[in-house]
Amino acid sequence: MKLKSLIKGAVLAALSLSSLLTAPAALAQAKEQFFPLLVYRTGPYAPNGVPWANGKQDYIKMINARDGGINGVKISFEECETGYATDRGVECYERLKGKGASMIDPQATGITFALTEKAPVDKIPLVTLGYGLSASQDGGVFKWNFPLMGSYWTAADILIQHIGKKEGGLDKLKGKKIALVYHDSPFGKEPMPLLEERSKTHGFELLKIPVTAPGVEQKSAWLQVRQQRPDYVLLWGWGVMNSTALKEAQATGYPRDKMYGVWWAGAEPDVKDVGEGAKGYNALALNTSGQTPKVIQDIIKHVHDKGQGTGPKDEVGSVLYTRGLIIQMLGIEAVRRAQERFGKGKVMTGEQVRWGLENLALDQKKLDSLGLAGVMRPLSTSCVDHMGSVTARVHTWDGAKWNFSSDFISADEQIIKPMVKAAADKYASDKKLTRRTPQDCQS
Amino acid sequence: MFYRENGQFKTSYKADEQIFPIRQDRIAIALLLAIAFIAVPLLAPEYLFRAILIPFVILSLAAIGLNILVGYCGQISLGTGAFMAVGAYAAYNFNVRIEGMPLVLSLLLGGACATLVGVLFGIPSLRIKGLYLAVATLAAQFFVDWSFLRIKWFTNDSSSGSVTVSGLQVLGIPIESPVQKYLFCLTLVTVFALMAKNLVRGAIGREWMAMRDMDVAAAVIGIRPVYAKLTAFAVSSFIVGVAGGLWGFVHLGSWEPAAFSIDRSFQLLFMVIIGGLGSIMGSFFGAAFIVILPIFLNQLPAWLNIPMSTATASHLESMIFGALIVFFLIVEPHGLARLWSIAKEKLRLWPFPH
């Protein structure tokens with residue numbers, strides 16, 4: 001009965017371990033603000049999903065350790081692995097929503113689409129910072145969606161403006177060829193309406209080159225790039241697709257400095273393996289990276305130095321880590337804002353957090369006090385505008401690190417606003433929804 | 001002792017031809033249906049409905065459809081995800097483009113479109129067999145994936161290729177709450193499962209099985225291969241198409257072609273193989289195994305209060321799940337349905353086995 005004793009031993013060991021260590025995912029108690037964390041730490045998107053998830057978790061731990069929670073309300077959390085798959089994401093959402101979810105960051109466009117139907121019923125706000133449904137910027141129709149800091153339409157718009165500037169004016173884009181190499185999913189297709197609009201206005205030719213998910217096989221896409229010789233390539237990739245694209249560009253001999261990635265294609269895991277080969281590659285940046293900001297120092301001091309860190313210490317402050325941190329910070333600040341109205345030191349419901357998200361006002365002073373000076377731009381949301389900020393910068397990989405290579409560029413509201421309104425109205429009429437009234441905005 | 005048909009005499013052909021000739025089976029099935037239709041909606045929490053029961057019921061239906069093709073007619077298909085996608089997108093188009101289209105009718109019409117596509121891709125089965133056919137049906141998968149990604153008309157010109165439906169109702173009753181969704185799916189699945197069971201017991205089912213066991217011999221005794229194979233493809237794709245429609249409309253509410261990717265085809269094929277080829281009951285077992293077990297394994301560490309990182313739990317889930325598949329296939333290559341029938345045979349002799 002060797003096996004039996006082995007099992008016995010394993011069970012005993014596990015039991016003693018569980019009593020020794022406090023469970024990291026402590027059960028949500030009545031007096032705790034619960035944040036469900038939908039993450040992916042396995043699968044083809046894991047290299048990018050892991051730092052994102054670590055940033056979210058570390059920020060919560062830091063707030064608990066440094067401030068003792070939000071005005072005294074401790075924050076609890078639980079992770080659930082989605083593997084970037086929509087059906088598992090929905091399962092995770094259903095699993096965690098019952099514990100009093102404050103907000104959800106699905107970390108995937110596909111899951112966001114599925115949850116957009118469910119969140120209003122369950123009254124849980126969806127925060128999709130820099131991704132998700134572009135039309136959901138319109139808070140008049142999408143009451144529960146918050147694409148804070150940017151959508152794929154603003155991203156595409158900023159990139160075209162930047163390229164225009166490089167060429168010496170948007171009118172110089174006439175006759176140029178711009179290729180969109182995209183992840184063949186809603187994520188990759190979202191920027192198309194805007195790019196089509198811009199290509200009509202400025203007269204550049206838009207080539208759409210799909211890459212089948214997850215994007216490890218791109219030979220045919222880059223063959224098309226070689227045949228068509230576009231002047232610029234916009235890379236709309238995520239996970240392994242980005243590093244593969246850069247390697248293929250290197251193999252094809254396409255100049256990397258003519259390549260521009262979305263902010264999901266501009267982090268360390270995307271370029272590190274390619275190293276020198278990715279030199280000159282540009283991508284959008286919503287935030288800075290590095291360990292100098294005060295908030296990162298606080299995380300190192302209060303979390304990592306005490307052995308509570310979620311990931312390796314040297315990855316703290318990477319591009320996606322910082323983005324995860326910002327997402328979590330916005331969620332927590334929304335709770336703080338909601339507490340100002342609904343009662344300090346109380347646990348906020350999803351509905352109240354939604355109000356907080358809609359009334360966020362993070363000016364420079366506030367950002368400085370949060371230790372985020374220079375990390376991100378000020379942001380303020382309203383009932384009609386669920387985005388809060390439409391600005392980003394371009395950064396360039398120099399072979400070892402990301403350096404900023406442009407000023408802040410704001411997406412052109414003249415172009416985006418009517419498009420958002422039209423798309424939101426179409427959504428509302430498809431769903432037979434009516435726009436929110438001004439009274440509804442107050443509640 | 002209890003499970004034995006002693007004393008149950010059949011006095012008419014009709015009695016002899018029932019789906020469940022043994023009284024105990026009839027009682028058990030009636031009980032099971034009563035539990036599924038009455039007890040479960042009263043007792044189960046919302047999470048169970050939305051995350052486990054609804055996907056389980058819908059994928060069981062798809063597995064029944066695939067089982068008719070693979071298990072009964074012996075035609076291996078890797079295009080199940082594609083037929084589901086055709087069902088879902090066709091139903092979506094009927095629903096969106098025709099004002100006031102009833103939900104059930106659009107689902108059935110979606111199934112009809114899947115039938116057409118299924119028969120079309122079933123034509124090569126007349127010439128090629130076995131694994132070669134599997135590769136040919138793979139073409140269906142890629143073609144359908146491609147067309148829903150590229151042809152904008154199918155997705156009603158949605159910019160991202162993702163479509164949504166809402167405001168579902170049947171005969172004025174809204175299908176919104178998890179219980180309503182569950183009951184709607186369960187009703188459809190029950191009806192289709194009974195119809196499938198009757199089909200496979202009938203003349204056409206025997207033709208399919210003859211085709212599966214030896215097509216030359218079947219042709220010699222007068223079964224037309226064209227008819228037998230194509231009807232299997234038609235019936236199978238119809239059921240799979242309806243399941244696809246349910247998956248999109250009822251479970252996801254908003255979906256993209258990735259919801260019906262090649263992974264879905266493999267998942268369904270595994271369900272049928274693990275559940276039991278050529279068994280309607282097995283389709284349910286297989287669906288339960290593939291849908292519920294991974295979610296259960298994933299949550300086990302949290303329930304036992306074992307501290308474990310999300311990544312480790314997820315890796316362990318895949319490892320244990322894989323090991324269990326291998327284990328079950330070694331212990332019983334004919335699937336869980338065979339274990340079930342062995343259990344029934346044992347029960348008949350109990351408590352006095354020879």
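Parameters and conventions
All residue numbers refer to positions counted from 1 along the written sequence of the respective chain. Whichever chain is written first is A, and whichever ligand is written first is 1; the rest continue in order. For this predicted model, a pLDDT threshold of at least 70 governs which residues receive local features, and a threshold of 80 or more governs which side-chain atom pairs are given and counted, while totals over whole chains, interfaces and linings are taken from all residues. A run of DSSP states H or I qualifies as a helix once it reaches four residues; a run of E qualifies as a strand once it reaches two. Both are numbered from the N-terminal end. The globule rule used for comparison is 2.2 Å times the number of residues to the exponent 0.38, while the radius of gyration itself is calculated over C-alpha atoms. A residue pair is marked as a contact if its C-beta atoms, positioned from the backbone, fall within 7 Å. Where each domain starts and ends comes from a domain assignment, either automatic or drawn from a database. Any residue that is not Ala, Val, Leu, Ile, Met, Phe, Trp, Tyr, Cys, Pro, Asp, Glu, Lys or Arg is counted as polar, Gly included; the first ten are nonpolar and the last four charged. A residue is called partly exposed when the number of other C-beta atoms within 10 Å of its own lies between 12 and 20, exposed at 12 or fewer, and buried at 20 or more, with C-beta atoms placed from the backbone. In short, DSSP must find at least two bridges between two strands for them to pair. Between the N-to-C directions of two axes lies an angle of 0 to 180 degrees, each axis being a line fitted to C-alpha atoms and, for a helix, fitted only over the stretch in contact. By the definition adopted for this analysis, an angle is roughly parallel if under 35 degrees, roughly antiparallel if over 145, roughly perpendicular if from 65 to 115, and oblique otherwise. Structurally, a nonpolar core is described as a collection of buried Ala, Val, Leu, Ile, Met, Phe, Trp, Tyr and Cys residues joined by way of C-beta atoms within 7 Å.

Caption draft 1: Here's a closer look at the overall build of chain B. Of the regular secondary structure elements, chain B holds 14 helices and four strands. For 354 residues, the compact-globule formula gives about 20 Å, and the C-alpha radius of gyration of chain B, at 21 Å, lands near that figure. With the C-alpha coordinates of chain B rotated into their principal frame, the extents come out at 70 × 60 × 45 Å. By sequence separation, contacts in chain B at least 24 residues apart represent 76% of the contacts at least 6 residues apart.

Caption draft 2: A look at the domain arrangement of chain A. All names here are of chain A. What the domain assignment reports for chain A is domain 1 (32-150 + 289-380 + 421-442) and domain 2 (152-285 + 394-411). Computed over C-alpha atoms, the centres of domain 1 and domain 2 are 27 Å apart. Opposite the 16 residues of domain 1 that make contact, domain 2 presents 19 residues. Secondary-structure elements contributing two or more residues to the side of domain 1 that touches domain 2 are α2 (46-67), α4 (109-122) and α12 (319-342). Taken together, the residues of the side of domain 1 that touches domain 2 break down into seven nonpolar, eight polar and one charged.

Caption draft 3: Local environment of the pairing of strand β7 (residues 232-236) of chain A. Residue and element names in this part refer to chain A. The element β7 is extensively covered by neighbouring structure, given that five of its five residues are classed as buried. The side-chain alternation of β7 yields two buried faces, one formed by Y232, L234 and W236 and the other by V233 and L235. Where strand β5 (residues 177-183) meets β7, five bridges bridge the pair, whose relative direction is parallel. Paired with I178 across the bridge in β7 is Y232. For β7 and strand β8 (residues 259-261), the ladder comprises three bridges, and the chain directions are parallel.

Caption draft 4: Fine view of unusual backbone geometry. All names here are of chain A. We note that N71 has phi near 50°; this positive angle belongs to a residue other than glycine. Owing to 15 C-beta atoms within 10 Å, N71 belongs among the partly exposed residues under this scheme. Here the phi dihedral of R229 falls at roughly 45°; this positive angle occurs in a residue that is not glycine. Residue position: R229 is located in the loop between α8 (219-228) and β7.

Caption draft 5: How the structure looks around the interface of chain A and chain B. Each partner contributes to the interface: chain A provides 33 residues, whereas chain B provides 29 residues. Going through the elements one at a time, α1 (2-20), β2 (74-81), α3 (86-97), α4, α6 (186-189) and α7 (192-202) of chain A are the ones with two or more residues in the side of chain A that touches chain B. Broken down by class, the residue content of the side of chain A that touches chain B amounts to 13 nonpolar, seven polar and 13 charged.

Caption draft 6: Inspection of the packing of helix α7 (residues 178-201) of chain B against helix α10 (residues 225-252) of chain B at higher detail. Residues and elements named next belong to chain B. The interhelical angle for the contact between α7 and α10, taken along N-to-C directions, is 175°, at an axis separation of 12 Å. The angle between α7 and α10 places the two elements in the roughly antiparallel class. Mapping the contact onto sequence places K181, F184, C185, L188, F192, A196 and L199 in α7 and V235, I239, V242, L246 and V250 in α10. Broken down by class, the residue content of the contact of α7 with α10 amounts to eleven nonpolar, no polar and one charged.

Caption draft 7: Summary view of the environment of Y182(A). Residue and element names in this part refer to chain A. Within the element layout of this structure, Y182 appears in strand β5. What makes Y182 buried here is the crowd of 25 C-beta atoms within 10 Å. When the C-alpha atoms of Y182 and T396 are compared, they prove to be 20 Å apart, with 214 residues separating the residues in sequence. With residues near it in sequence (within four places) discarded, Y182 still touches G188, K189, K208, P210, V211 and W236.

Caption draft 8: Focus on the nonpolar core. By size, the foremost hydrophobic cluster in this structure holds 228 residues, and its most contacted members are V181(A), L234(A), L61(B), C185(B) and L246(B). In terms of residues, this core owes the most to one element, helix α3 (residues 46-72) of chain B, which gives 16 residues. Inspection of this core shows a minimum of three residues originating in each of domain 1 (32-150 + 289-380 + 421-442) and domain 2 (152-285 + 394-411) of chain A. In this view, L246(B) contacts I58(B), L61(B), L107(B), C185(B), L188(B) and H251(B); residues no more than four positions away in its chain are not counted.

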